[in-house]
Amino acid sequence: MSAHDAQLVARVERAIGERPSRVSPLAGGCVADVRLAEFPSGLRVAVKLDDRPAPTLDIEAEMLDDLRTRSDLPVPRTIHAEPSLLVLEHIENEGTITSRASEQEHAASLLAALHGVRPAPPNDLRFGYERDTLIGPLAQRNGWGGSWVEFFRERRLLAMTDEALRAGAMPSSLASRLREFAERRLGALIDEPDAPSLVHGDAWAGNILVRAGRVAAFIDPALSYSHAETELAFGTLFGTFGERFFDAYRERRPIAPGFFEVRRDVYNLYPLLVHVRLFGAGYVSQVDAIIRRFGV
């Protein structure tokens, strides 16, 4: 056992009172080192370690716990949480979601139900969350706002544009055009929904585990009460959701005209900006193409 794994074993034992007999790598880990820990009792848990100067695994645990209490979305149970160490129920799975019809249909039914969850009064007609959350390793600004257009402009597009610019991941000329787009064009392109929806916020294929043709769990959320279309748009960005998903989703919740033609691209600016900030210039051209499409 490596020194790193020995340290992990000791930390897990201190946290939950049982010593793992074996640890092995698990897929994932954009934010943290992820391991499967196995115990003599037969218990198997997923362990995340975040060794950054300001770790945030406790926020991930809070989001998972919120999903468990506020919705029926299947998520792993939190066993132990602190900023640098998270121990979760291990979800047995066969991998991540594919184009298989039963997986797509089950994901659609689960997300349609999630999108029916509203904030509690007095915030039942407001967008945001009671605290800031995370999108991957990045802070996701929330608070509460009464206008969806304003919330998406200020706390999604402009906040992530500023973050990418500060990190040196985006040319200042593109940041200026994004600000112009957000301030002058956005209000004509997106609508105020009838009510805010609870969204997972990072529902791409890598965060949707499947087993036996059904969804076993959603992991790594980026929670907020937002427009449900943001979730649907992101599901198309990397091919996570296909035609069968959208057919099944429409059976449960309507999708307003113009989503695929216009609003999908607008909403995908936010995850693309996240990717610009995290992974650099490879995503800048996609952001540029979208705002050029809308005349900026």
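Everything below is about the structure printed above this text.
Residues numbered from 1 in each chain as written. Predicted model: local features only at pLDDT ≥ 70, side-chain atom pairs only at ≥ 80, totals over all residues. Heavy atoms only, no water.

A. Spatial organisation of unusual backbone geometry. Geometrically, the link from P121 to P122 is a cis peptide bond, its omega value of 10° lying close to zero. If you trace the backbone, P122 turns up in the loop between α3 (101-114) and β6 (127-129). Look at A212: it is not a glycine, yet its phi comes out positive at around 55°. Relative to the helices and strands, A212 is located in the loop between β11 (208-211) and β12 (214-218). The phi dihedral of D220 is positive, around 50°, even though this residue is not glycine. One can find D220 in the loop between β12 and β13 (224-226). Taking the relative accessible area as the measure of exposure, D220 reaches 26% and is therefore partly exposed. (Helix = DSSP H or I, 4+ residues; strand = E, 2+ residues; numbered from the N terminus. Buried < 20%, exposed > 50% of the residue type's maximum accessible area, 1.4 Å probe, protein only.)

B. Up close: the side chain of H227. Inspection of the secondary structure puts H227 in the loop between β13 and α6 (228-237). Residue H227 is classed as buried on the basis of its relative accessible area, which comes to 11%. Apart from the residues within four sequence positions on either side, H227 is in contact with W148, D191, P193, V199 and Y267. (Contact = heavy atoms within 4.5 Å.)

C. Seen up close, the side chain of R253. Turning to its location among the elements, R253 is positioned in the loop between α7 (243-250) and α8 (259-279). For the buried R253, no salt bridge is present, and the opposite-charge side chain at shortest range is D194, 7.8 Å distant. In this structure the side chain of R253 is engaged in a polar contact, spanning 3.3 Å, whose partner is the backbone oxygen of H115. Each residue touching R253, except ones within four places of it in the same chain, is listed here: A112, H115, G116, R118, S197 and A228. (Lys, Arg positive; Asp, Glu negative; His and termini not counted. Salt bridge = Lys/Arg side-chain N within 4 Å of Asp/Glu carboxyl O. Polar contact = N/O pair within 3.5 Å; in protein donor to acceptor, adjacent residues only side chain to side chain.)

D. Geometry of the pairing of strand β3 (residues 44-49). Where burial is concerned, most of β3 is hidden: five out of the six residues are buried. Pairing analysis gives six bridges linking strand β2 (residues 33-38) to β3, with the strands arranged antiparallel. The residue bridging D33 from the neighbouring strand is L49, located in β3. Sheet topology note: the β3/strand β5 (residues 85-89) ladder contains five bridges and is antiparallel. (Pairing = 2+ DSSP bridges.)

E. Geometry of the packing of aromatic side chains. Summed over the entire model, instances satisfying the criterion amount to 15 aromatic pairs. When the centroid spacing of 5.1 Å and the interplanar angle of 85° are considered together, the rings of F152 and Y267 count as edge-to-face. Here the residue F152 occupies a position in helix α4 (residues 148-166), and Y267 occupies one in helix α8, the gap between them amounting to 115 residues. Note on accessibility: F152 and Y267 belong to one class, buried. Consider the rings of F245 and Y249, whose centres lie 6.0 Å apart with planes at 20°: the pair is stacked. Of this pair, F245 and Y249 both sit in helix α7, four residues apart, which is roughly one turn of the helix. For the pair F245 and Y249, a shared accessibility class is recorded, and that class is buried. Members of the aromatic cluster, connected to one another through ring pairs, are F241, F245, F246, Y249, F259 and F260. (Phe/Tyr/Trp six-rings, centres within 6.5 Å; stacked < 30°, edge-to-face > 60°.)

F. Local environment of the environment of A10. Along the polypeptide, A10 turns up in helix α1 (residues 3-16). Distance from A10 to I290, taken between C-alpha atoms, is 49 Å for residues 280 residues apart in sequence.

G. Molecular detail of the nonpolar core. By size, the foremost hydrophobic cluster in this structure holds 75 residues, and its most contacted members are F152, L157, F181, F218, F241 and F245. With sequence-adjacent residues up to four places away left out, F241 is seen in contact with I97, Q104, A107, L111, A203, I208, E231, G235 and F246. Core analysis: the second largest hydrophobic core is formed by 11 residues, V9, V12, L49 and V87 among them. (Core = buried A, V, L, I, M, F, W, Y, C linked by side-chain atoms within 4.5 Å.)

H. Region of interest: the packing of α3 against α7. Contact geometry for α3 and α7: axes closest at 8 Å, N-to-C directions at 40°. Taken as axis vectors, α3 and α7 run oblique relative to one another. You can see that α3 and α7 cross each other, and the crossing is right-handed. Across the interface between the two elements, A101, Q104, E105, A107, A108, L111 and A112 from α3 touch R244, F245, A248 and Y249 from α7. Looking at the contact of α3 with α7 residue by residue, the classes come out as eight nonpolar, one polar and two charged. (Axes fitted to C-alpha atoms, helices over the stretch in contact; angles between N-to-C directions. Parallel < 35°, antiparallel > 145°, perpendicular 65-115°, else oblique. Left-handed = near helix turned anticlockwise from the far one by under 90°. Nonpolar A, V, L, I, M, F, W, Y, C, P; charged D, E, K, R; others polar.)

I. Local environment of the pattern of salt bridges. Overall, the coordinates contain 28 salt bridges when judged by the stated rule. Ionic pairing is found between R131 and E130, a salt bridge with its closest N-O pair at 4.0 Å. The partly exposed category is assigned to E130, whose relative accessible area is 41%. With a shortest N-O distance of 3.9 Å, R184 and E180 are connected by a salt bridge. Here R184 and its partner E180 are both found in helix α5 (residues 172-189), four residues apart, which amounts to about one turn of the helix. Its relative accessible area of 68% is what places R184 among the exposed residues. Overlapping salt bridges bring together E105, R244, D247, R250, E251 and R252 as one network.

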